[in-house]
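An overview of the molecular structure
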Amino acid sequence: TGAKSYEGLHNRAGEFGPMTLVPGGKKCECGNQGCLEAYVSVSRLSDDFDISLEEFFEGLEEDNKEYKKAFNAYVDKLCIGINNIYTIFDSKVVIGGRISSLLEPYLDQIKKKLQAINSFDTNGNFLNVSDCGQNEASIGAALMFLGDYIQSI
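Residues numbered from 1 in each chain as written. Predicted model: local features only at pLDDT ≥ 70, side-chain atom pairs only at ≥ 80, totals over all residues. Heavy atoms only, no water.

A separate point is a negative patch on the surface. Together, Glu15, Glu29, Glu37, Asp47 and Asp50 make up a region of like negative charge exposed at the surface. Within the secondary structure, Asp50 is located in the loop between helix 1 (36–40) and helix 2 (53–61). The exposure class of Asp50 is exposed, given its relative accessible area of 72%. (Patch = residues over 30% accessible without salt bridge, like charges linked within 9 Å, V, L, I, M, F, W, Y side chains within 5 Å. Areas by Shrake-Rupley, 256 points an atom, 1.4 Å probe, with all protein chains shown as cover. Salt bridge = Lys/Arg side-chain N within 4 Å of Asp/Glu carboxyl O. Lys, Arg positive; Asp, Glu negative; His and termini not counted. Charge placed at Lys NZ, Arg CZ, Asp CG, Glu CD. Helix = DSSP H or I, 4+ residues; strand = E, 2+ residues; numbered from the N terminus. Buried < 20%, exposed > 50% of the residue type's maximum accessible area, 1.4 Å probe, protein only.)

Attention now goes to the packing of helix 2 against helix 3 (residues 65–89). Where helix 2 contacts helix 3, the two axes come as close as 8 Å, and the packing angle between them is 110 degrees. Judged by the angle between their axes, helix 2 and helix 3 are roughly perpendicular. Mapping the contact onto sequence places Glu55, Phe56, Phe57, Gly59 and Leu60 in helix 2 and Tyr67, Lys68, Ala70 and Phe71 in helix 3. Across the contact of helix 2 with helix 3, the residue classes tally to 6 nonpolar, 1 polar and 2 charged. (Axes fitted to C-alpha atoms, helices over the stretch in contact; angles between N-to-C directions. Parallel < 35°, antiparallel > 145°, perpendicular 65-115°, else oblique. Contact = heavy atoms within 4.5 Å. Nonpolar A, V, L, I, M, F, W, Y, C, P; charged D, E, K, R; others polar.)

What follows deals with the nonpolar core. Proteins that are soluble and globular tend to have nonpolar side chains buried together. Phe57, Phe71, Leu103, Ile110 and Leu127 are the most contacted members of the largest nonpolar core, which has 34 residues in total. When contributions to this core are tallied by element, the ones reaching two or more residues are helix 1, helix 2, helix 3, strand 1 (93–95), helix 4 (100–103), helix 5 (107–117) and strand 2 (127–129). Sort the elements by how many residues they give to this core and helix 3 lands first, with 9 residues. With sequence-adjacent residues up to four places away left out, Leu103 is seen in contact with Phe57, Phe71, Leu78, Ile95, Ile110 and Val129. (Core = buried A, V, L, I, M, F, W, Y, C linked by side-chain atoms within 4.5 Å.)

Pasting the structure below:
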């Protein structure tokens, strides 16, 4: 028999955005406070400055001090979330979505931060960024149904 993905009791397995990162912290779109999503959504790096995500990263490359400070805070929270996920599942972690290609140049920085906070490993090589772009969740969902369909014929 083939491997089956874990979907959870309410089909929300793998949804880490609502995980509490900072109790009583920033307001999240879900209505709670301090969620991982409130700290590491792409809007943290663009909407907060009323610019596009690409403009933020261009400014970061141009050594904009304000953007650099925001990015370092973003990476700090991102690494805490990634480390928690890695500790729970003891498996590779992949960052996907719109930000994945923009984070690629900073992957070494992120892995060094992970190395510093992880209790078990001496490097952050369990982390990768997806090269699928922002549609991988839709593709993955479609593949689950396609696999079921193929099994049925």
